Amino acid sequence: MAGVLSAYCVTQTARELADRDFDVALVEDACASLTQAAHDAALSAFAAVYGWVLSTEEMLAVINGSQAV
């Protein structure tokens, strides 16, 4: 997942997908928040419970099959 306001819309949508048994990865450098601290906190909380937080480079490697999540 990617988007704007990682501390709100992005993580809310990602949590709802995870609650419905989807495997979810947030692309940390493809979303943003109002402050870096809010962004970091949102991604940290998501990673602790719901799914993975990956860079664009890591996500592309997963998509291409050269890296597992």
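Note: the structure precedes this text.
Reference entry: report on the structure contained in this document. (Residues numbered from 1 in each chain as written. Predicted model: local features only at pLDDT ≥ 70, side-chain atom pairs only at ≥ 80, totals over all residues. Heavy atoms only, no water.)

### Thoughts on the side chain of Ser6
So, point 1. Within the element layout of this structure, Ser6 appears in helix H1 (residues 6-19).
So, point 2. What makes Ser6 buried here is its relative accessible area of 0%.
So, point 3. Within the structure, the side chain of Ser6 is placed 2.7 Å from the side chain of His39, a separation counted as a polar contact.
So, point 4. Ignoring any residue separated from it by four or fewer positions in sequence, one finds Ser6 in contact with Thr11, Cys31, Ala32, Ser33, His39 and Ala42. (Helix = DSSP H or I, 4+ residues; strand = E, 2+ residues; numbered from the N terminus. Buried < 20%, exposed > 50% of the residue type's maximum accessible area, 1.4 Å probe, protein only. Polar contact = N/O pair within 3.5 Å; in protein donor to acceptor, adjacent residues only side chain to side chain. Contact = heavy atoms within 4.5 Å.)

### Brief notes about the packing of aromatic side chains
So, point 1. Scanning all chains against the criterion turns up one aromatic pair.
So, point 2. Ring centres 5.9 Å apart and planes at 20° place the aromatic pair Phe46 and Tyr50 in the stacked group.
So, point 3. According to the relative accessible area criterion, Tyr50 is partly exposed, its value standing at 31%. (Phe/Tyr/Trp six-rings, centres within 6.5 Å; stacked < 30°, edge-to-face > 60°.)

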